[in-house]
Amino acid sequence: MLIGASGSGKSTWAGTRYRGPEIVSSDALRAVVGSGEDDLDASADAFAVLDQIIAARLGRGLTVVVDTLGLDAQRRAAYLAAGRAARMPCVAVLFETPPQVCRERNALRDRSVPAGVLRQQLAKADAVGPIVESEGWDRVLRMRTPSPAGQTSSAGASHPMSEPGSQQVAAPIAEPGARHPREGYPEVILHVGRFPWGEDPVRWLTSIARAADDAGFAGLALMDHLIQIPQVDRAWEPIPEPWVALGLLAGLDTRLRLGTLVSPVTFRQPGIMAKAVATLDVLSGGRAFVGLGAGWWEREHLGFGVPFPSAGQRLDQLELTIETMRALWATGTKAHQGPRARLPETTAYPRPVGQPEIIVGGNGERRTLRIAAELADACNLPSELEVLDHKLAVLHRHCQAVGRDPGSVAITVLDLPVIGHDRDDTWRRVERLRGRSPAATFAKRHHAGEAAHHRDRYRVLAQRGVRTVFLALGDLESAEDVARVAPLLKP
């Protein structure tokens, strides 16, 4: 809700911060239903349309910027009630613009507001601040414009237009060559799950990896599935065998950590999995990691003739795989007799350069998180804060139960954001990606916004103890899309 006299700068302020369709202007609607923006005879019809637009947008959970004078307490109360009913955050924006500035701007208009009318508006605007503060808005922002030379604003001082305190409403040892996470900010790894590579797969994959390295990503992870999953793309779209593809990327001159998020343990025997990871680690100079999970999609198993045992058996396989990998990566060739794995010898060369990080993915609270607490280097959890906080509490309880310091289990999250160059670009991407989901629901679920918005989110995740964010772009098409994310990596 914008509040201020004519000429106070409301429309200019809104136009530089919001998309045109998000701004509902009484002046603009007078031009639609009347002869022009200054056709006061059309005001009643204009406000009727304005109210209808506000109700429709709020009903869909969409941002509404009400660009009217905002000086009528009854109208403010009605809009605030409508916002509350729609469970939307409600913000009042007070424009504390010096009267002389308003008069000068008014004089430059093709059809100026009569002096007497503007005088009344300025008087109301001068007195409205304390009233608005008491009306129950979630936030009241005060926009201050510098006074002309030698004068002070009604706030008693000269300030640039500003938003005090405001915001828009809407590890383990580092692998060789890897970037060190910045203090207070997680490392960010590009997660690639769709592969629109056209006629040149090698060029597409290598261009994505090089762009990720240039942008400042700490690593690149590939999704591991036999058939493209419906959450990402159509079943007939290509999805490569990840360890083969990662071998290609290991030959590039980058600093990227390389691995999967996550590899189902049902796809490969434990020793074969250990061999693949060790080989990648050697080829990349010690930059390999591996995400492991129990697997969940029966269709791809049946389609490729891969057994799909019960959930309990798959979790047994997860434990067995982790123990086998660690045994085969250890020094020497002696036999291994562990609680799950029994190997007559551990002759496995080449050995990894170091110890590739093992990340357990999955949300099962009773057993998956216990496996992570007992056996893994890291645990991959959802990025939604409420869910993350709950899962962290469960993981920490499991750590205590097995006698492990919770701080020794690194926390990673998979994030699926919508990131645009600006507000218009962001919304175009929401519209293109949302499918049948309501736009506002999709935008909220994927935290649609520009890079600065996601930087703030990632700082909060770091405060929760998140070491790594795996960032997946639903609209990744080319290296240009990777470059679009670069501002997020330079906080």
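The following paragraphs examine the structure supplied in this document.

The rules behind these values
- Residues numbered from 1 in each chain as written.
- Predicted model: local features only at pLDDT ≥ 70, side-chain atom pairs only at ≥ 80, totals over all residues.
- Heavy atoms only, no water.
- Helix = DSSP H or I, 4+ residues; strand = E, 2+ residues; numbered from the N terminus.
- Buried < 20%, exposed > 50% of the residue type's maximum accessible area, 1.4 Å probe, protein only.
- Polar contact = N/O pair within 3.5 Å; in protein donor to acceptor, adjacent residues only side chain to side chain.
- Contact = heavy atoms within 4.5 Å.
- Axes fitted to C-alpha atoms, helices over the stretch in contact; angles between N-to-C directions.
- Parallel < 35°, antiparallel > 145°, perpendicular 65-115°, else oblique.
- Left-handed = near helix turned anticlockwise from the far one by under 90°.
- Pairing = 2+ DSSP bridges.
- Nonpolar A, V, L, I, M, F, W, Y, C, P; charged D, E, K, R; others polar.

1. Focus on the side chain of Q228
Along the polypeptide, Q228 turns up in the loop between β7 (219–222) and α8 (242–250). Given the relative accessible area of 1%, Q228 is considered buried. At a separation of 2.9 Å, a polar atom in the side chain of Q228 contacts the main-chain carbonyl oxygen of G193. Those residues in contact with Q228, other than ones at most four positions away along the chain, are G193, R194, M223, D233, R234, A235, E237, P238, I239 and W297.

2. What to know about the packing of α8 against helix α9 (residues 270–283)
When two helices pack together, their arrangement is captured by the angle between the axes and the distance separating the axes. Where α8 meets α9, the closest approach of the two axes is 9 Å, and the angle between their N-to-C directions is 10°. Our classification of the angle between α8 and α9 gives roughly parallel. Judged by the sense of rotation from one axis to the other, the crossing of α8 with α9 is left-handed. From α8, W243, L246, G247 and A250 reach across to α9, where they touch M273, A276, V277, L280 and L283.

3. Details of the sheet that holds strand β8 (residues 257–260)
Here we have nine strands laid out as an open sheet, ordered β8-β7-β6-β18-β15-β14-β13-β10-β9, and parallel in their pairing. Each of the sheet's edge strands pairs with one partner strand only, and the pair in question is β8 and β9 (263–264). As judged from the four bridges shared by strand β6 (residues 187–192) and strand β18 (residues 466–471), these two strands associate in the parallel manner. By the bridge assignment for β18, V188 is matched with V469.

4. Quick word on the packing of helix α7 (residues 201–215) against α8
As a packed pair, α7 and α8 sit with axes 10 Å apart at the nearest point and diverge in direction by 65°. In the crossing of α7 with α8, the sense of the turn from one axis to the other is right-handed. Across the interface between the two elements, V202, L205, T206 and A209 of α7 pack against A245, L248 and L249 of α8. Grouping the amino acids of the contact of α7 with α8 by side-chain chemistry returns six nonpolar, one polar and no charged.

5. Some remarks on the pairing of strand β4 (residues 91–96)
Along β4, six of the six residues are buried, which leaves the element largely enclosed by surrounding structure. Alternating positions in β4 separate into two faces, V91, V93 and F95 on one and A92, L94 and E96 on the other, with burial throughout. Judged from the six bridges that link them, β4 and strand β5 (residues 139–144) form a sheet pairing that is parallel. In the strand pairing of β5, F95 is matched with M143.

Read these as geometric descriptors, not functional statements.
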